[in-house]
2 protein chains.
Amino acid sequence: MSQEDSRGVLEAAHSGGRASDTIVDRLQHQILSGELPDKSPLPSERDLMERFSASRTVIREAVATLASRGLLDAKPRFRPIVRKPGYDTALASVGSIVELLLEQKGGVGSLFQSRVFVERGLVRDAAVSAGKSDIANLKDALQRNQDAIEDSNVFYATDVAFHAVLYQIPRNPIFPTLHNAYATWLAPHWSRMLRSPERNRVNYASHETIYMAILERDPDAAEEALVDHLNTAWEHVRQTFGDVG
Amino acid sequence: MSQEDSRGVLEAAHSGGRASDTIVDRLQHQILSGELPDKSPLPSERDLMERFSASRTVIREAVATLASRGLLDAKPRFRPIVRKPGYDTALASVGSIVELLLEQKGGVGSLFQSRVFVERGLVRDAAVSAGKSDIANLKDALQRNQDAIEDSNVFYATDVAFHAVLYQIPRNPIFPTLHNAYATWLAPHWSRMLRSPERNRVNYASHETIYMAILERDPDAAEEALVDHLNTAWEHVRQTFGDVG
DNA sequence: GAATTCCTCTTGGTCGGACCAAACTTTTCG
DNA sequence: CGAAAAGTTTGGTCCGACCAAGAGGAATTC
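Conventions and cut-offs
- Residues numbered from 1 in each chain as written.
- Chains lettered and ligands numbered in written order.
- Predicted model: local features only at pLDDT ≥ 70, side-chain atom pairs only at ≥ 80, totals over all residues.
- Heavy atoms only, no water.
- Near = heavy atom within 4 Å.
- Polar contact = N/O pair within 3.5 Å; in protein donor to acceptor, adjacent residues only side chain to side chain.
- Helix = DSSP H or I, 4+ residues; strand = E, 2+ residues; numbered from the N terminus.
- Nonpolar A, V, L, I, M, F, W, Y, C, P; charged D, E, K, R; others polar.
- Contact = heavy atoms within 4.5 Å.
- Buried area = accessible area lost by both parts, 1.4 Å probe.
- Salt bridge = Lys/Arg side-chain N within 4 Å of Asp/Glu carboxyl O.
- Least-squares fit on C-alpha atoms with pLDDT ≥ 70 in both.
- Phe/Tyr/Trp six-rings, centres within 6.5 Å; stacked < 30°, edge-to-face > 60°.
- Buried < 20%, exposed > 50% of the residue type's maximum accessible area, 1.4 Å probe, protein only.
- Lys NZ or Arg CZ within 6 Å of the ring centre and 35° of its normal.
- Expected span 1.5 Å × (residues − 1).

- An unreviewed UniProt entry lists chain A under the name Transcriptional regulator, GntR family, from Tropicimonas sediminicola.

Quick look at the structure:
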């Protein structure tokens, strides 16, 4: 706990740190302040060399760091694009590690279990305090879900969308991001599940049950329906390929 | 000698990727497989150059990438240390972005709100399904909490520990990590809050109420007590410095 | 003999220059 | 005017070099 490197806004790297840290800080500040507009390309490396009077090595290292933080969108042979950080940025930056964790035994199961936990809370809250617009959104999503029963691909999309509505209800930007995370990391496994209009019909019915319970302001019923819905789906995923823990 | 020449490395560059990606993959594999033991230092860069027959530039880039993924613990002038990924690794790797997000208006509030959401679910579940050992752990933590009322610093630690027990109950490694995240990211704000034996007494009483509700298998009471507890604390934090949105 | 100081070798951080191929611009030409 | 060709910029990679800080061992001291 003795690593109290005070993050001084000014020179922090003089005493043994990396030179790139200074540039990272400065660039980061320029990005956050809008001096480097969002979605605009970063100046060329040779250009940055002059601005910061540093070698290309250091510049490239700084750029790489910023990219790993998600403040730059750096595709191989292209100019890095400035990207102001949002909650999704954080999500993207953990992606690579999470993928590793998911490969380990029980990884996907733990993630899914946490999703059930979250959505249980979401539907309970929805049942208690969903506003008119929330309910309208749910109804909308439910309708689209029903209309897509015959087309499994579209159904999958509307299924995700229905659940997404639940994450919007708390009006907390963290939740939609969370949903995004689940959708992203669970999709590879989820999509292997066999799909058919029959199964879609069952899932739609579950959605409807959840919706009705929310309408009726019955948290317990909503939670139960949600748990039932997700666990059933999970069972199908497990059956499709059994070793997910 | 190197029997591979430059075949392996250059191959990947053909498809537009970076040469370092190949090395990142190989090193990552060696780390995950245990070929490079956990907590052992990485070979020197010059050494790696030969093993992968790549330039130091590429090696360094690969190391930096792995470090950003949390698979290596790379302090400035020291040899990078191999670190097998766990859930906490993922947490660490988002740290820098999250810190930025928290600085933005409403950031801390959103995070705290999500914590309340999570812990509400946790105490509900605890009330419904906590096992004997869980309850024993809670009781233990509660006792330590009480014993520390006179010492605000210790009290803070035992306070965190009490909540941590809640995150252990689901037996899902994601939750303790989550708790860690909250503790880490909220602490800077939390710790500014005025502390005193009187406040500690109030907080202890809240913990006790929560514990009792769990004992009595009353999810609603547990949730209510938890919400009350956290919101009160939050109010104190906001009063201490009003600009957290 | 153990601790300390000093010296040397190693190693990570940085630099500058160079080359290539892909991306971007400008010019040329049908 | 639009497409093809020529020219320029730029990111990716490699090389060789230098410096200062870390690591290890030798010499020195108590």
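From this point, the discussion proceeds with the structure in view.
## A few points about the protein's contact with DNA strand C
- Surrounding DNA strand C, one finds 18 residues, the nearest of these being Ala-19 and Ser-55 of chain A together with Arg-46, Arg-56 and Pro-76 of chain B.
- Counting only the atoms of DNA strand C that lie within 4 Å of the protein, the sugar and phosphate share comes to 62%.
- A distance of 2.3 Å is found between a phosphate oxygen of DNA strand C and a backbone nitrogen or oxygen belonging to Ala-19 of chain A.
- Between DNA strand C and Arg-79 of chain B there is a distance of 2.9 Å, counted from a phosphate oxygen to a side-chain nitrogen or oxygen.
- Breaking the surface near DNA strand C down by element, the ones donating at least two residues are α3 (56-69) of chain A together with α3 (45-51) and α4 (56-69) of chain B.
- Per-class residue counts for the surface near DNA strand C are four nonpolar, three polar and 11 charged.

## What to know about the interface of chain B and chain A
- Listed as interface residues are 42 residues of chain B and, on the opposing side, 42 residues of chain A.
- Together, the buried faces of chain B and chain A total about 3,300 Å²; carbon and sulfur atoms form 61% of this surface.
- Taken together, chain B and chain A are joined by four salt bridges.
- A salt bridge links Asp-125 of chain B to Arg-120 of chain A; the shortest N-O distance between them is 2.4 Å.
- Summed over the shared surface of chain B and chain A, the number is eight residue pairs in polar contact (both at pLDDT 80 or more).
- Ranked by residue count, the leading element in the side of chain B that touches chain A is helix α6 (residues 107-129) of chain B, at 12 residues.
- Classifying every residue of the side of chain B that touches chain A gives 19 nonpolar, 14 polar and nine charged.

## A few points about the relation of the copies chain B and chain A
- The two copies are related by a screw operation: chain B maps onto chain A through 180° of rotation and 0.0 Å of translation along the axis, at an RMSD of 0.1 Å. Expressed as an axis order, the relation between the two copies is that of a two-fold axis.
- Take the interface residues of chain B: 100% of them recur as interface residues in chain A, which is what a same-surface contact looks like.

## Thoughts on the side chain of Asp-134 of chain A
- If you trace the backbone, Asp-134 of chain A turns up in helix α6 (residues 132-147).
- If we skip the residues at most four places from it in the chain, Asp-134 of chain A touches Val-165, Ile-169 and Arg-171 of chain A.

## Regarding the protein's contact with DNA strand D
- Within the structure, DNA strand D sits among 18 residues, and Arg-46, Arg-56 and Pro-76 of chain A together with Ala-19 and Val-58 of chain B are positioned closest to it.
- Here the atoms of DNA strand D within 4 Å of the protein split so that 61% fall in sugar or phosphate, with bases taking the remainder.
- Residue Glu-45 of chain A places a main-chain N or O atom 3.0 Å away from a phosphate oxygen belonging to DNA strand D.
- Between DNA strand D and Ser-55 of chain B, the relevant distance is 2.6 Å, taken from a phosphate oxygen to a side-chain nitrogen or oxygen of the residue.
- Contributing elements (two or more residues each) for the surface near DNA strand D: α2 (45-52) and α3 of chain A together with α4 of chain B.

## Some remarks on the packing of aromatic side chains
- Applying the stated criterion across every chain yields a total of six aromatic pairs over all chains.
- Taking 5.4 Å as the distance between ring centres and 25° as the angle between the ring planes, the aromatic pair formed by Phe-112 of chain A and Trp-190 of chain A counts as stacked. Separated by 78 residues along the polypeptide, Phe-112 of chain A in helix α5 (residues 107-129) and Trp-190 of chain A in helix α8 (residues 174-190) bring together distant segments of the chain. There is no split in this pair, since Phe-112 of chain A and Trp-190 of chain A are both buried.
- Between the aromatic rings of Phe-117 of chain A and Phe-175 of chain B, the centroid separation amounts to 4.9 Å while the plane-to-plane angle is 75°, which identifies the pairing as edge-to-face. Of the two residues, Phe-117 of chain A sits in helix α5 while Phe-175 of chain B sits in helix α9 (residues 174-190), which places them in two different chains.
- Each residue in the set Phe-112, Trp-190 and Trp-234 of chain A is aromatic and connected to the rest through ring pairs, giving one cluster.
- Seen from the ring of Trp-190 of chain A, Arg-115 of chain A lies directly overhead, with NZ or CZ sitting 5.7 Å from the centre.

## Examining the pattern of salt bridges
- A full pass over the atoms with the stated rule returns 24 salt bridges over all chains.
- For Arg-115 of chain B, the salt bridge is made with Glu-119 of chain B, and the minimal N-O distance between the two is 2.9 Å. With Arg-115 of chain B and Glu-119 of chain B both in helix α6, this residue pair falls four residues apart, about one helical turn.
- Classification of Arg-115 of chain B by relative accessible area gives buried; the value is 10%.
- Residue classification places Glu-119 of chain B among the buried positions, given a relative accessible area of 0%.
- Salt bridges linked by common partners bring Arg-120, Arg-124, Asp-220 and Glu-223 of chain A together with Asp-125 of chain B together as one network.

## Considerations on α5 of chain A
- A rise of 1.5 Å per residue sets the reference length of α5 of chain A, with its 23 residues, at 33 Å; its end C-alpha atoms lie 33 Å apart and thus fit the reference within 8%.
- Counting buried positions along α5 of chain A gives 20 out of 23 residues, so the element sits mostly inside the fold.

## Side note on the environment of Arg-199 of chain A
All names here are of chain A.
- Within the secondary structure, Arg-199 is located in helix α9 (residues 197-215).
- As for Arg-199 and Ile-149, which are separated by 50 residues in sequence, their C-alpha atoms are 8.9 Å apart.
- With residues up to four places along the chain from it excluded, the contact list for Arg-199 reads Leu-194, Thr-232 and His-236.
- Reaching out from Arg-199, the side chain makes a polar contact with the side chain of His-236 at a distance of 3.1 Å.

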